[in-house]
Each structure stands twice: as C-alpha cells, then as structure tokens.
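Analysis of the macromolecular model
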Amino acid sequence: FARIVILISGRGSNMMALVEAIERQGLPVEVAGVVSNRPEAPGLAWAQGKGIPCRTVDHHQFADRAAFDVALGDAIDELAPPSGRPWVVLAGFMRVLTEGFIARYPDRIVNIHPALLPAHPGLHTHRQALRAGALLHGATVHFVTPEVDVGPIIAQAVVPVLTGDTEEKLAARVLEMEHRLFPMVLDWLTANRVTVSAEGRALLDGSDHPSSRT
Ligand code: GAR
C-alpha cells in the first residue's frame, strides 16, 4: 500500500474525491492523514467523520513561514513516517511552501491547480481565464517545486469556456474535472508510473497502454 497525507485549507472537495475514488476503485492507497492549516476548514470535519487521522497546524501560530513549515512537516511525518516515502497531496492547500519543506519530500509533493498551467498561475484563475478571453480552461496536477505553480506537469484536464460564463460557472465546470483528474493521477503516482526526468519533466510510464502493445 502506498501512503498519502492530504493537505487542505478549506472545503476539501478534492480530498473527498480522492478518498472516495480510493474506496470505490479499491486503490492500494492508505490515507494516513489529513492536515489543515485552518482549524475551521469544513473538509476536516468530513475527514474526521470518515475516521481519517486529522491534524491542524494553524499558520497564525507561527512567527514565520519556515517555522510553520517545520511544524507542518513534523505533523506529516507523525502521520506517515518518512521511511515509507509517503506522497504529500495538496488538495486546495492555500499556503506557499518553503524550499526547506519541499526538500523534505523530494519529488513526492503534488498539487492541483485550477488552470491550464503555465497559463494563469496564482489566485483567481477563473477570473484570469475570463479576462484573457480564453476559450479553453481547466486544471493541472503537478509536482511542487520552490517556485510556485511551475513544477513538472503530470496531467491536465480541459473544459470549454462558454458564452455567458461567470467565474462561478467556470469554477464549477473546472472543479468537476478536478475531481476526475486528481484520482487518476493519484492512481498513476501510487502505482509508481510517474517519474521526473533529469530535465525536470514528469514522465508517465505508458507501457500498459493499448497503443503500446504490439
Ligand atoms: C480547487 O479548485 C483547487 O484546485 C484550488 O482550490 C480549490 C480547492 O477546493 N487550489 C488552488 O487554487 C491552489 N493554489 P476544494 O477545497 O474543494 O478541493
């Protein structure tokens, strides 16, 4: 079994999609815990209800980013010992992580971002896409590196931008795809099908794909 620790900051719908996909598809993945930087995150209560070990590391309680990140890493390690090489899965986790934290989990931290990176990094991605007049928008799952939203891209899902779209309508359309994309990528990761090349690209082992059969 692969172990994962899911980091959230709020609603937690991506976390729920991951947990439910693991259950439904019987993926060999153990959710060792959920950590939130906000005690009031609605996703925490849901995870607790599921019997998943939960921790809160409230960023307000720390003097700086470095101190918060040390405590965050310690909480993760307590839930899933580093020797087991757990995956750290950012599912709506809204804090920027330091280089020191990222170095604790080399090539093991993944994030879902609600845009087609490298387009629209940062916040308010749906507003950005609408303002840019984009016809296509979507979500990206990528490895986390010290520079925000530029780590190796593992997979993307695309949705159309439709006439009359508001931020809310577009966000909902993207979110639906996030809930399909993230479990798919988790399956690849935990089956050890994804590697990062020397050039810093994520490579998917497609040897079991029908198109590669002879
Ligand atoms: C999701 O749309 C996720 O892609 C985004 O926050 C939302 C969280 O929703 N993440 C980021 O913007 C990361 N910078 P959720 O809590 O319901 O999963």
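Because the structure is a prediction, the values reported are computed rather than measured.

1. Quick look at the UniProt feature "site: Raises pKa of active site His" (unreviewed entry) in the protein
- Under the present numbering, the feature "site: Raises pKa of active site His" (unreviewed entry) in UniProt falls on Asp-149.
- With respect to the helices, strands and loops of the structure, Asp-149 is situated in the loop between strand E6 (136-143) and strand E7 (153-160).
- Here Asp-149 falls in the buried class, since its relative accessible area comes to 12%.
- Among all residues touching Asp-149, those that are not within four sequence positions of it are Asn-111, His-113, Leu-117, Pro-121, Gly-122 and His-142.

2. Topic: the site of the ligand
- Neighbouring the ligand are the residues Arg-11, Gly-12, Ser-13, Asn-14, Gly-92, Met-94, Ile-112, Pro-114, Leu-175 and Glu-178.
- Arg-11 places a polar side-chain atom, nitrogen or oxygen, 2.5 Å from an oxygen atom of the ligand.
- Gly-12 is positioned such that a nitrogen or oxygen atom in its backbone is 2.7 Å from an oxygen atom of the ligand.
- About the coverage of the ligand: the protein hides 86% of its 450 Å² of free accessible area.
- The set of elements that each furnish at least two residues to the shell around the ligand consists of helix H1 (13-25) and helix H6 (167-190).
- In the shell around the ligand, the residues fall into 4 nonpolar, 4 polar and 2 charged.

3. Structural notes on the sheet that holds strand E3 (residues 54-56)
- What the 7 strands build is an open sheet, ordered E3-E2-E1-E4-E5-E6-E7; its pairing is mixed. This sheet does not close on itself; its edge strands, each paired only once, are E3 and E7. Neighbouring strand axes in the sheet, compared pairwise and without regard to direction, differ in orientation by 20° on average.
- Across 7 bridges, E6 lies against E7 in antiparallel orientation. Across the sheet, the residue bridging to His-137 is Val-159, located in E7.
- Of the strands in this sheet, strand E1 (2-8), strand E2 (29-36) and E3 touch helix H2 (residues 42-49), which is tilted by about 155° from E3.

Analysis parameters
Residue numbering note: each chain is counted from 1, following its sequence as written. Residue-level local features of this predicted model are given only where pLDDT is at least 70; pairs of side-chain atoms are given and counted only at 80 or more, and the full residue set underlies all totals for whole chains, interfaces and linings. Where side-chain values are given, they derive from all heavy atoms of the structure, hydrogens and water being excluded. UniProt positions are given in the numbering used here, feature names are shortened, and annotations may be inferred rather than shown by experiment. Helix and strand assignments follow DSSP, with helices taken as H or I runs no shorter than four residues and strands as E runs no shorter than two, numbered in order from the N terminus. Working definition: with a 1.4 Å probe on protein chains only, accessible area under 20% of the residue-type maximum means buried, over 50% means exposed, and in between means partly exposed. The contact criterion used is simple: two residues touch if any of their non-hydrogen atoms lie within 4.5 Å. Whether a residue is near a molecule or strand is decided by its heavy atoms; if any one of them lies within 4 Å of it, the residue is near. Here a polar contact is recorded for every N or O atom pair within 3.5 Å, except that within protein the pair must consist of a potential hydrogen donor and a potential acceptor, and residues adjacent in sequence are included only if both atoms are side-chain atoms. All accessibility values rest on the Shrake-Rupley procedure with a 1.4 Å probe; residue burial counts only the protein chains present in the view. In this classification, Asp, Glu, Lys and Arg are treated as charged, Ala, Val, Leu, Ile, Met, Phe, Trp, Tyr, Cys and Pro as nonpolar, and every other residue, Gly included, as polar. In this description, strands pair whenever DSSP reports at least two bridges between them. Only the stretch in contact is used when fitting a helix axis, every axis being a line fitted to C-alpha atoms; angles between N-to-C directions are given from 0 to 180 degrees.

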